[in-house]
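Residue strings, one per chain:
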Amino acid sequence: MVNKLSILGSTGSIGTQTLDVARKLNLKVTALSAHSNIKMLEDQIREFKPQVAVVFDESRADELKLNIKDLDTKVYSGMDGLLYAATLDDCDLVVNSVVGMVGLKPTLASIEAKKNIAFANKETLVAGGALVMDAAKRNGVTLFPVDSEHSAIFQCLQASPPEKALKKIILTASGGPFFGKTTDELKDVTVAQALNHPNWSMGAKITIDSATMMNKGLEIIEAAWLFDVSPDDIEVVVHRESIIHSMIEFVDNSVLAQLGLPDMRIPIQYAITYPHRYESPVESLDFSKISSMTFYHPDYETFKCLSACKKAIKRGGIIPAVANGANEIANKLFREDKISFLEIGELVSSAVDNFAYKEAQSLSDVLKADKQAREYVYNLVN
Ligand code: NDP
Ligand code: MG
């Protein structure tokens, strides 16, 4: 089993839950990293005593160095620091749980260093899917999905026959806090309302992505790359209770589902311990308490981000990177109260519709598309 973890984004929602799993399984943690939360990072360093700690924000790194000068942990900063942690010799699994496209270079670096990855950082796969999957294949590296839906699919796929027998993927979606609302009802929703997710407790960016359903759009693209499935064979079903985490259907129309309470520590742990299973801190599912499970079609008209992502993956090339880059900025501007909730979907759709197709063959193609999409949104808003 994996014994030593390097965790990129250890102070986030996935990062802290990964440390919870590491604690219970008695795993070593050889690298930890944060963007700027040096207080939490210091607590983590004192507990796990990693070889390396990375603070992405260079201006906070010196402060951390001073605060932990009694320890042996070496502090690095910036993208170079993140790349160092992503390729650290003394680790046998990298957990990539940073948020956003900033994870693309570290992902590629881990793969080139032949490190398997427990992979949460979906934006990277959306923007640079072809590059990442090609590199993984070339280096014999596996991306173990952490995202609950993709973990569910991965778990169901363990029952596959040797021949290709998968017919489709059924991605479940909670529908977020605004399920069933009309465009008119969504005009004036506040950031606090959008941050109030019914079933999951997550970082701010992904919580807003869940409210706009961009998250499910990103997940369609993530699934297409991870499981080499055409987007036409990925169906989204709204399942309000978040008990079924996703399903697969085989050619004989047999459907397999993975169920459990909505707690990320199950998929995180499986990504680390695959193919083994161990006890987890998550409670067992009590069917007598689940009075019903409901299923609905998503509303592609109201939740424009979802349709924009479907369009983006069909157009291919740089367009998914454009959708992701536009959303990273629109999501941020909404959280800063600079645009309305509905504008997020309008901006992402506009970027997807207006960018010309280009191939995404190199890292620079993807980074350029991402940068241009961000500028496009800023220009439209200002
Ligand atoms: P959080 O915002 O909670 O945490 C993000 C982590 O990344 C923090 O450690 C943060 O540091 C760090 N970080 C942020 N920006 C940068 C940067 N520019 N450079 C380096 N590090 C950075 O996010 P989540 O944990 O919610 O999500 C992480 C990823 O996992 C996302 O891609 C998300 O879509 C995916 N995911 C999350 C789920 C969840 O339940 N939370 C479920 C499924 C997928 P700091 O604390 O200092 O800001
Ligand atoms: Mg998910």
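In this report, we go over the structure that sits alongside the text. Not measured: the values here are computed from a predicted model. (Residues numbered from 1 in each chain as written. Chains lettered and ligands numbered in written order. Predicted model: local features only at pLDDT ≥ 70, side-chain atom pairs only at ≥ 80, totals over all residues. Heavy atoms only, no water.)

1. Some thoughts on the nonpolar core
Core analysis: the largest hydrophobic core is formed by 111 residues, its most contacted members being L5, L64, L143, I169 and F341. Ranked by residues supplied to this core, first place goes to helix α14 (residues 319-335) with nine residues. Other than its neighbours up to four places away in sequence, F341 contacts F178, L186, V189, A194, A211, T212 and F334. Core analysis: the next-biggest nonpolar cluster, separate from the first, contains 11 residues, V52, A85, V94 and V98 among them. (Core = buried A, V, L, I, M, F, W, Y, C linked by side-chain atoms within 4.5 Å. Buried < 20%, exposed > 50% of the residue type's maximum accessible area, 1.4 Å probe, protein only. Helix = DSSP H or I, 4+ residues; strand = E, 2+ residues; numbered from the N terminus. Contact = heavy atoms within 4.5 Å.)

2. Focus: the coordination of the magnesium ion (ligand 2)
Protein ligation of the magnesium ion (ligand 2) involves D147 (OD), E149 (OE) and E219 (OE), the donor distances falling in the range 2.1 to 2.2 Å. Site description for the magnesium ion (ligand 2): donor spacing in sequence, D-x1-E-x69-E. One end of the pair, D147, is in the loop between β7 (143-145) and α7 (148-157); the other, E219, is in helix α11 (residues 214-227), with 72 residues separating them in the sequence. What makes E219 buried here is its relative accessible area of 1%. (Donors = N, O, S within 2.8 Å, 3.2 Å for Na, K, Ca; no water.)

3. Some thoughts on the environment of K69
On the secondary structure map, K69 appears in the loop between α3 (58-67) and β4 (74-77). With a relative accessible area of 67%, K69 lands in the exposed category. As a C-alpha pair, K69 and F303 span 234 residues in sequence and 50 Å in three-dimensional space.

4. Regarding the layout of surface pockets
There is about 490 Å³ of room inside the second largest pocket. Taken together, 17 residues make up the lining of the second largest pocket; nearest its centre are M133, W225, L226, F227 and D228. Every element with two or more residues in the lining of the second largest pocket is listed here: α6 (122-139), β7, α7 and α11. Take the lining of the second largest pocket: its biggest share by element is five residues, from α6. Broken down by class, the residue content of the lining of the second largest pocket amounts to 12 nonpolar, one polar and four charged. (1 Å grid on protein atoms, 1.4 Å probe; cavity = no way out; pocket = protein on both sides within 12 Å on 5 of 7 lines; lining within 4 Å. Points joined across faces, edges and corners; volume = space filled by probe spheres on them. Nonpolar A, V, L, I, M, F, W, Y, C, P; charged D, E, K, R; others polar.)

5. With respect to empty space enclosed by the protein
Under the defined criterion, the tally for this structure stands at one cavity of 30 Å³ or more. By volume, the largest cavity amounts to about 60 Å³. Lining of the largest cavity is provided by S148, S151, A152, Q155, W200, H245, Q258, L261, D263, I266 and P267. Elements with a minimum of two residues in the lining of the largest cavity: α7 and α12 (265-273). With four residues, the top contributor of residues to the lining of the largest cavity is α7. Tallied by class, residues from the lining of the largest cavity come to five nonpolar, five polar and one charged.

6. With respect to the sheet that holds strand β9 (residues 234-238)
Sheet architecture is open: four strands sit in the order β9-β8-β10-β11, paired in mixed fashion. The strands lining the two open edges of the sheet, one partner per strand, are β9 and β11 (255-259). Each adjacent strand pair in this sheet contributes to an overall mean axis angle of 20°, direction not counted. Where α11 meets the sheet, its contacts fall on β8 (166-173) and β9, and the angle it forms with β8 comes to roughly 150°. (Pairing = 2+ DSSP bridges. Axes fitted to C-alpha atoms, helices over the stretch in contact; angles between N-to-C directions.)

7. A word on the site of ligand 1
What surrounds ligand 1 is a group of 24 residues, the closest being T11, S13, S36, N37 and E123. Contacts to ligand 1 include S13, whose backbone N or O atom sits 2.9 Å from an oxygen atom. Note that an oxygen atom of ligand 1 is positioned 2.7 Å from one of the side-chain N or O atoms of E123. Look at ligand 1: alone it shows 890 Å² of surface, and the protein chains cover 87% of it. Mapped by element, the contributors of at least two residues to the shell around ligand 1 are α1 (13-25) and α6. (Near = heavy atom within 4 Å. Polar contact = N/O pair within 3.5 Å; in protein donor to acceptor, adjacent residues only side chain to side chain. Areas by Shrake-Rupley, 256 points an atom, 1.4 Å probe, with all protein chains shown as cover.)

8. Quick word on the packing of aromatic side chains
With the rule as written, the count across this model stands at 10 aromatic pairs. Here a set of aromatic residues connected by ring pairs shows up, and it is made of F144, F154, Y270 and Y274. The residue whose ring lies beneath R277 is Y270, and the NZ or CZ to ring-centre distance is 4.2 Å. (Phe/Tyr/Trp six-rings, centres within 6.5 Å; stacked < 30°, edge-to-face > 60°. Lys NZ or Arg CZ within 6 Å of the ring centre and 35° of its normal.)

9. Some points on the packing of α7 against α11
Axis separation between α7 and α11 bottoms out at 10 Å; the angle between their running directions is 30°. In terms of orientation, α7 lies roughly parallel with respect to α11. Regarding α7 and α11, the two cross each other, and that crossing is right-handed. Packed against α7, whose contacting residues are E149, H150, I153, F154 and L157, the element α11 presents K216, E219, E222, A223, L226 and F227 at the interface. (Parallel < 35°, antiparallel > 145°, perpendicular 65-115°, else oblique. Left-handed = near helix turned anticlockwise from the far one by under 90°.)

10. Quick word on the environment of A118
Along the chain, the position of A118 falls in strand β6 (residues 117-119). Linking A118 and P267, residues 149 residues apart in sequence, is a C-alpha distance of 9.6 Å. Here A118 is in contact with L93, V94, V95, N96, F144, V146 and A271, once residues within four sequence places are set aside.

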